[in-house]
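Okay, here's what each chain looks like letter by letter:
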Amino acid sequence: MTQLQPAPHQASAGSTDAKSTTNASNALYGGKGTRRITVRDITAAKERGEKWPMLTAYDAMTASVFDEAGIPVMLVGDSAGNCHLGYETTVPVTLDEMTMLSAAVVRGTSRALIVGDLPFGSYQEGPVQALRSATLLVKEAGVGAVKLEGGERSHRQIELLVESGIPVMAHIGLTPQSVNSMGYRVQGRGEEAAQQLLRDAKSVQDAGAFAVVLELVPAELAAEVTRVLHIPTVGIGAGAETDAQVLVWTDMLGLTGGRMPKFVKQYANLREVMGNAAKAFAEDVTGGTFPAEEHSVH
Ligand code: KIV
């Protein structure tokens, strides 16, 4: 399927030729380090074959919970559009909104690497527009890296950002900002589409991206991309072989309503918990049992 060769320095978790080994102090998840994680730590994790988790976050309080839980990388995704701001898609999200949300997540965390998403319309004009937008997220929000969508088509943008000192996480496969032309369909099915995905992956790596999100691509193809790249792959709906996995937090914790995509694993049902708590509060108020004596001051 692929024309690319495996990355020469790639080693699996248990292999003896790994450049370094994961131990209690340097692990991205479960490590003892308290300083903020950088893209150099992410690169080192790939070299030693360590898998890592990434979650989205859109506010300081939720981000602080995930930071305390040891999640090493948080994405202030433009999925905030659907999951936080009430839009139908990610398309309407603005750079000002992403800057405000990213700043809140940075303030709520002390250890995680915070990646801020460049929203639709903030980098498609070309590298200079991308640099202006990314600079805002780095300077005003304080993110440690930015993410943008597109493979070969975003090569020049990634190159200029990286040359300018801004680490970039790329995003290929299903790119939700292109929903109006692409829909929400599995990408990379069939030989031609698989070859294009491989070219996109190679292109973002060559441009200097430190990691690449693979969204909704066949597991076998994602495994192939992970094997041939020397930068980490972050899967969402891309099978088990990617170096990292990301989920949208409101999906993962069962806050998002409606039908979930097949790739989501729901670890809690916050929608039910919160709904039940709101009803219990309402019943206490209407029934006169809240506030009780212990909630009153005299
Ligand atoms: O915006 C987002 O949350 C994303 C993830 C789904 C990778 O791009």
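Think of each chain on its own: its residues are numbered from 1, step by step along the sequence as written. Two thresholds apply to this predicted model, a pLDDT of at least 70 for residue-level local features and 80 or more for giving and counting side-chain atom pairs, whereas whole-chain, interface and lining totals are computed over all residues.

## Structural notes on helix α8 (residues 191-207)
Phase 1: Only DSSP runs of H or I covering at least 4 residues are called helices, and only runs of E covering at least 2 are called strands; the numbering of each starts at the N terminus. Given the number of residues in a helix, its expected span is that number minus one, multiplied by 1.5 Å. If you check α8, its first and last C-alpha atoms are 24 Å apart, about what 17 residues at 1.5 Å a residue would give, namely 24 Å.
Phase 2: With C-beta atoms placed from the backbone, a residue is labelled by how many other C-beta atoms lie within 10 Å of its own: buried for 20 or more, exposed for 12 or fewer, partly exposed between the two. When α8 is considered as a whole, its buried residues turn out to be A194, L197, L198, D200, A201, S203, V204, Q205 and A207.
Phase 3: Two residues or fewer after α8 comes G208, characterised by a positive phi angle close to 110 degrees.

## Observations concerning the packing of helix α6 (residues 155-163) against α8
Phase 1: Angles run from 0 to 180 degrees between N-to-C directions of axes, and those axes are lines fitted to C-alpha atoms, restricted for helices to the stretch in contact. Running from amino to carboxyl end, α6 crosses α8 at an angle of 25 degrees, the nearest separation of the two axes being 8 Å. One finds that α6 runs roughly parallel with respect to α8. Here α6 runs over α8; the crossing is right-handed. Residues H155, I158, E159 and V162 of α6 form the contact with α8, whose own contacting residues are S203, V204 and A207. When an angle is under 35 degrees it counts as roughly parallel; over 145 it counts as roughly antiparallel; between 65 and 115 it counts as roughly perpendicular; any other value is oblique. For a crossing to be left-handed, the near helix must be turned anticlockwise from the far one by less than a right angle; the clockwise case is right-handed. Each residue is represented by a C-beta atom placed from its backbone, and any two residues with such atoms within 7 Å are regarded as in contact.

## Some points on the sheet that holds strand β7 (residues 233-236)
Phase 1: Any two strands with at least two DSSP bridges between them are considered paired. What the eight strands build is a closed barrel, ordered β1-β2-β3-β4-β5-β6-β7-β8; its pairing is parallel. Shown here is a sheet whose adjacent strand axes are inclined to one another by a mean of 25 degrees, direction ignored.
Phase 2: Pairing of strand β1 (residues 52-56) with strand β8 (residues 244-247) involves four bridges; the strand directions are parallel. Paired with M54 across the two strands is V246, which belongs to β8.

## Overview of the domain arrangement of the chain
Much of the literature gives interface size as the accessible area that the parts lose upon coming together.
Phase 1: Structurally, the chain comprises domain 1 (39-267) and domain 2 (268-298).
Phase 2: Placing the centre of domain 1 and that of domain 2 at their C-alpha centroids yields a distance of 38 Å.
Phase 3: Between domain 1 and domain 2, the contact holds six residues from the first and four residues from the second.
Phase 4: Following the grouping adopted for this structure description, the nonpolar residues are Ala, Val, Leu, Ile, Met, Phe, Trp, Tyr, Cys and Pro, the charged ones are Asp, Glu, Lys and Arg, and the polar ones are all others, Gly among them. Taken together, the residues of the side of domain 1 that touches domain 2 sort by class into three nonpolar, three polar and no charged. Source of the domain bounds: an automatic or database domain assignment.

## Concerning the site of the ligand
Phase 1: Around the ligand sit T56, L75, G77, D78, S79, D117, H171, V213, E215, I236, V246 and V248, and that is every residue in its neighbourhood.
Phase 2: In terms of residue class, the shell around the ligand is made up of five nonpolar, four polar and three charged. Should the C-beta atom of a residue, placed from the backbone, lie within 6 Å of a molecule or strand, that residue is near it.

## Regarding the pairing of strand β6 (residues 211-215)
Phase 1: With five of its five residues buried, β6 lies for the most part within the structure.
Phase 2: Two elements, strand β5 (residues 168-173) and β6, share five bridges in a ladder whose sense is parallel. When the sheet's bridge partners are listed, G173 is paired in β6 with E215.
Phase 3: Pairing geometry for β6 and β7, over four bridges, is parallel. Within β7, the position partnered with E215 by the bridge is I236.
Phase 4: Seen with its strands pointing away from the viewer, a crossover is right-handed if its path from the first strand over the helix to the second goes clockwise. Of the crossover connections in this fold, the one passing from β6 over helix α9 (residues 219-228) to the parallel β7 is right-handed.

## Focus on the nonpolar core
Phase 1: Only buried residues count toward a nonpolar core: Ala, Val, Leu, Ile, Met, Phe, Trp, Tyr and Cys, linked into one set through C-beta atoms within 7 Å. Residues M74, V146, V168, A209 and V212 are the most contacted members of the largest nonpolar core, which totals 75 residues.
Phase 2: The contacts of V212, once residues within four sequence positions are left out, are M169, A170, I172, A201, V204, I231, T233 and V234.

## With respect to helix α11 (residues 270-287)
Phase 1: When the terminal C-alpha atoms of α11 are compared, their 25 Å separation across 18 residues agrees well with the 26 Å that a helix rising 1.5 Å per residue should span.
Phase 2: For α11, a buried count of zero out of 18 residues is recorded, marking the element as mostly open to its surroundings.
Phase 3: Of the residues flanking the end of α11, it is G288, one or two places downstream, whose phi is positive at about 75 degrees.

## As for the environment of Y184
Phase 1: Tracing the backbone through its elements, the reader meets Y184 in the loop between α7 (179-182) and α8.
Phase 2: The exposure class of Y184 is exposed, given the 11 C-beta atoms found within 10 Å.
Phase 3: Separated by 32 residues in the primary sequence, Y184 and L216 have C-alpha atoms spaced 8.8 Å apart.
Phase 4: Residues within four places of Y184 in sequence aside, it is in contact with L174 and V179.

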